[in-house]
Amino acid sequence: MAEHIIESIFRFLPEIALTVTLVAAVVADLILKERNRNVAWVVLAGLVVTALLVLRQAGWNESIFSDMIAVDPFAVFFKMLLVIAGLFIVLFSVKSRELEQNITRIGEYYMLITGVIFGMFLMVGATNLLLMYLAFELTSISSYVLAGFTKSLRKSAEASMKYIIYGAVSSGFLIYGISMLVGITGAIDIYGVRDALQAGVEQQSALYVAVIMIIVGFSYKITAVPFHFWAPDVYEGAPVTITTFLATASKVAGFAMMIRFFRISFMESGALSVPGLDGFIAIVPWNIILAIFAALTMLAANLMALWQENIKRLLAYSSIAHAGFILMGLALLTDEGISAMMIYLAIYLFMNMGAFFVVLLVTNKLDSELISAYEGLGHRSPFLSVAMTIFLVALAGFPPTAGFIAKVYIFGATVSAGWIWLVAVAGLATIISLFYYIRVVRNMFLVDPEESSEPVILDYGSTAILVLLLIPVLLLGVYFTPIVTWAKDAVTMFGM
Amino acid sequence: MELLLNIVIYLPLFGVLLLLLVRKDEWVRWSSLLITTATFVLSLPLLLQFDITATGSAQYLTVGEPFLGDWDVKYMVGLDGLSMLLFMLTTFMAPIVVLSSWSSINKHVAGFYSMLLILQTGSLGVFAALDLFMFYVFFELTQIPMFFLIGIWGGKDRIYATVKFFIYTLVGWLLMLVALIYVGYAAGNMVNDGVFTTDWRLLTDHAFQLGLVEQTWLFLAFGFAFCIKVPIFPFHSWLPLAHTEAPTAGSVVLAAIALKMGTYAVLRYLIPLFPNAAIAFAPMFAVLGVIGIIYGALVAMVQKDVKKLVAYSSISHLGFVVLGMFAFNTIGAQGAIIQMVNHGLSTGALFIIVGMLYERRHTRWISDFGGIARKMPVFTVMFMIATLASIGLPGLNGFVGEFLILVGTFNSEVLGSYWYAVIGALGVILAAVYMLWMFQRVMFGPVTNEENNKLTDINAREIGLLIPIMLFIVWIGVRPTDFTKYSEAEVTHLLEDTRTRAATIAQNTADDRLPGWASRLYDVTPQMVSNVKHENQEE
């Protein structure tokens, strides 16, 4: 046993590195005092070390701490995405002017970010139902604080409050669902649940209710309609950096946990997806519910995005809509679907972070988050506008950007699994999305600027960060074999 | 030669880098002219070396490695009889388009020419691509520059026009993307050992037999996309707006090249991929084509704006192309291809000419002009030739295309009625009415507007850019076989192949397994199918 624990610790190094970073950030905050914005560099260094440790885990396929956490290609894939997201968020935060309103507590801000990333690392690896819940709560609670970080601003405080209330309700759903599942199957980890389901359970309807509750709990994290109501307000109210974090990393982690849970417990055992059940359950198995959520999410979010005047709200709805596209993959119950989801999530991370970073820069310079503030930006800052256009084209899903590849794979997987109606809905949703993405591009390039407008000049740091985000969005659009191969290999989970 | 084809396609795209280097507007113009002329010159060997008797496989074929993970999607370009003329039309028009906007574009010159060059690469790619997926990618590549060309350098309502154009087109093509993925999987299962494929050679393989119901839906999805792009009658409303608001260069590219992508795609993909559906729906498309001919002509007649008039005449001319393609015989399809080229030349010339007038007078209203002929004699001659070509006067190019199409339609077995040709021929008469009436009002009569007295004749650059077009207008009119010979073998082969495959699929389909509407729909052409059966038996 002791040997297992010691071995497990060595398999747990990235998470340990994150913890050390967190402590280092606290200490640095105390030492640096007035110059506490430099905590960012401590965290950045910590994240780079973590990234290297994650890279070392490539190819491992183990379960550590007595089936608490899996270190498998699937987890490594998502940890890598999360740590990249973390690095970018820290860089964004350094460039953000908004956060300076609460500059005395900026050290705390970076600590919390490290804490959230730690929670997400656990989320993508957790195989024990209780640890899953704990990891889920760890990220949620830290996020509540982050969303309200600029607490002197009324809308930020409001965002935090709404986030807490919705979050609490949904995590209630999740823990209720988990406790029912534990009661029905008598197992505490997902492998046990799988074995119990394979052996067959008697309380079919209770199981069904439990699964629906767990889906609801996850839906809140990944902002699937109809559990998305918190998202636009929170995304609008929170500082842009945190909005980006919630819209990208938090969603990626939520999806990872959801995929692992359903893939291992349900897809493997075939439970609830095969005919032979009676009544309502037989007609609407859980994957149909997921498909309906996905369809609703795509349509509703894209429609609601049409009326937005605030760019953050627009991107919020757009990111909800993308959750719908991604969710399609899980409803298919195929490995092809899951690898398509992973490709989508990886690409989504870059394009969405890019779009939000442009929003952050524009807000810094123009003090406005309105879409009308983008009028004539094409003349005032050609580079910024071209970058934004590329990110939006990618989000809309057109070649030659990576967004196209993401869409092709998820559409392809759906067609190949025979869900033609779902692809049709997705196609329709994509068409609707064109209208609002094009509106921003239209404002930037086609509307002439006012006479008085001055050029917007970017500093070198921001330009460099933008270029770093543009490279994957463009490169993965033409040369995407690496990400596709990686995602296909990373479908491997421990215990399959 | 394979390498040369790739160079021709990508030269304009890399030319953009050159434009970014040179800063002065004047140099930007000269470098774009240089790049487009070089592209044209380099494309000439492709035409001269082309083997006109070869059928069934493209020439100068480049086949890359599959790049989409474990899908069999390849970079694949080549030219065959269907694409050769349109490919050459694209390289030929590019320097002319650059010249035509020499003095009218003064805002963001480098941006403007970069967009033109990117558009050029995209268009060449669309015509040369032989993988359905690559075709889609190249097509999207043409959309973005077009959006900016109209949106930034266009007229007063440019933003509305460009957004409408953009969304209209993409709506259709997204639907097609879904259908495309379906076709890829189906083809993979039937002819490629279960591996997703969009390779043109496999999609036209005889073993690739889509069921009739599948074909119907896929045909409609593809057809919808192409109908919008052409545009065919009920989906045309973006066209006049986009044409009117676009800058001259934009209108010319749109008319000469962009619209051809739709008609080309019908011939290249829609008909061969879904042979039974194409034959069954041929009368419907022919009706839409005829409606387009008459409707476009009637609406053109009442226009007060010269540019809009030309735009509506485009709808009328493209109606002919659609009619010719769905006649399902060599003459009709040949006519359609040559008509695509003709429309590119004559309508392109008309847009350039209208642009010249606009540049001088800053108005497009017919009533503002009058009596210009005396002031601008050379211009009048050019305008006259373009107008007559557009009408279809024998001896000029328009006549050749329309005549072949009408003959083809008249004898068409698939359409089975001469009325299409008879009503279609009315379009030629109407064209004479609206074009000549417009010409008379603009060019002749007394000078009613003082402004017109100050007009100066076109300069050397303007004459120089119109002369090559006029040359080809006459050449095609006098010796059409110099051009039709390129597509003849391939078109004949394609249509025969399509019919044979349609017959095989129909034979292999058990009637009782079809839903009622499908068996009724595919009963439309029993004699067609049986004809081919007879032929096969005789062999």
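What comes next is a walk through the structure. Here the structure is a predicted model, which is why all the values come from computation and not from measurement.

**So, the overall build of chain B**
Link 1 in the chain: A count of helical and extended segments in chain B gives 21 helices and 2 strands.
Link 2 in the chain: Radius of gyration (C-alpha) of chain B: 23 Å, near the 24 Å computed for a compact globule of 539 residues.
Link 3 in the chain: Taken over the C-alpha atoms alone, chain B extends approximately 75 × 55 × 40 Å along its principal axes.
Link 4 in the chain: Within chain B, residue pairs in contact and separated by at least 24 positions form 80% of the contacts whose partners lie at least 6 positions apart.
Link 5 in the chain: If the 30 positive side-chain charges of chain B are averaged to one point and the 36 negative ones to another, these points end up 15 Å apart.

**Quick word on the packing of helix α11 (residues 240–267) of chain A against helix α14 (residues 311–331) of chain A**
Residue and element names in this part refer to chain A.
Link 1 in the chain: Across the interface, α11 lies against α14 with an axial gap of 11 Å and an inter-helix angle of 10 degrees. In terms of their interaxial angle, α11 and α14 are classed as roughly parallel. Remark: the crossing between α11 and α14 carries right-handed chirality. On α14, the residues touching V240, T243, A247, K251, F255, M258, I259 and F262 of α11 are K312, S319, I320, A323, I326, L327 and L330.
Link 2 in the chain: Partitioning the contact of α11 with α14 into residue classes produces 11 nonpolar, 2 polar and 2 charged.

**Remarks on the environment of F262(A)**
Residues and elements named next belong to chain A.
Link 1 in the chain: You can see F262 is positioned in helix α11.
Link 2 in the chain: Separated by 71 residues in sequence, F262 and L333 place their C-alpha atoms 9.0 Å apart.
Link 3 in the chain: The residues contacting F262, other than those within four sequence positions of it, are V211, I215, F218, M267, W286 and L330.

**Side note on helix α4 (residues 73–95) of chain A**
For the α-helix, the turn length of 3.6 residues means that residues three or four positions removed from each other point alike.
Link 1 in the chain: Helix length check: α4(A) (23 residues) gives 33 Å between terminal C-alpha atoms against 33 Å at 1.5 Å per residue, within 8%.
Link 2 in the chain: Counting buried positions over the 23 residues of α4(A) gives 18, a clear majority of the element.

**As for the interface of chain A and chain B**
Link 1 in the chain: If you look at the interface, chain A gives 33 residues, while chain B gives 30 residues.
Link 2 in the chain: Counting across the interface, chain A meets chain B through 0 salt bridges.
Link 3 in the chain: Summed over the shared surface of chain A and chain B, the result is 4 residue pairs in polar contact (both at pLDDT 80 or more).
Link 4 in the chain: Per-element accounting of the side of chain A that touches chain B gives the leading share, 12 residues, to helix α19 (residues 420–446) of chain A.
Link 5 in the chain: When the residues that make up the side of chain A that touches chain B are grouped by side-chain class, the tally is 22 nonpolar, 7 polar and 4 charged.

**Details of the nonpolar core**
Link 1 in the chain: With 423 residues, the main nonpolar core has F78(A), F222(B), F226(B) and F326(B) as its most contacted residues.
Link 2 in the chain: The element best represented in this core is helix α15 (residues 335–366) of chain A, accounting for 22 residues.
Link 3 in the chain: Residue assignment places this core across two domains, with domain 1 (1–280) and domain 2 (282–478) of chain B each supplying three or more.
Link 4 in the chain: If we ignore the near neighbours within four places in the chain, the residues touching F222(B) are L132(B), M176(B), A179(B), L180(B), V183(B), L270(B), L273(B) and F274(B).

Thresholds applied
Residues numbered from 1 in each chain as written. Chains lettered and ligands numbered in written order. Predicted model: local features only at pLDDT ≥ 70, side-chain atom pairs only at ≥ 80, totals over all residues. Heavy atoms only, no water. Helix = DSSP H or I, 4+ residues; strand = E, 2+ residues; numbered from the N terminus. Rg over C-alpha atoms; globule rule 2.2 N^0.38 Å. Contact = heavy atoms within 4.5 Å. Lys, Arg positive; Asp, Glu negative; His and termini not counted. Charge placed at Lys NZ, Arg CZ, Asp CG, Glu CD. Axes fitted to C-alpha atoms, helices over the stretch in contact; angles between N-to-C directions. Parallel < 35°, antiparallel > 145°, perpendicular 65-115°, else oblique. Left-handed = near helix turned anticlockwise from the far one by under 90°. Nonpolar A, V, L, I, M, F, W, Y, C, P; charged D, E, K, R; others polar. Expected span 1.5 Å × (residues − 1). Buried < 20%, exposed > 50% of the residue type's maximum accessible area, 1.4 Å probe, protein only. Salt bridge = Lys/Arg side-chain N within 4 Å of Asp/Glu carboxyl O. Polar contact = N/O pair within 3.5 Å; in protein donor to acceptor, adjacent residues only side chain to side chain. Core = buried A, V, L, I, M, F, W, Y, C linked by side-chain atoms within 4.5 Å. Domains from an automatic or database assignment.

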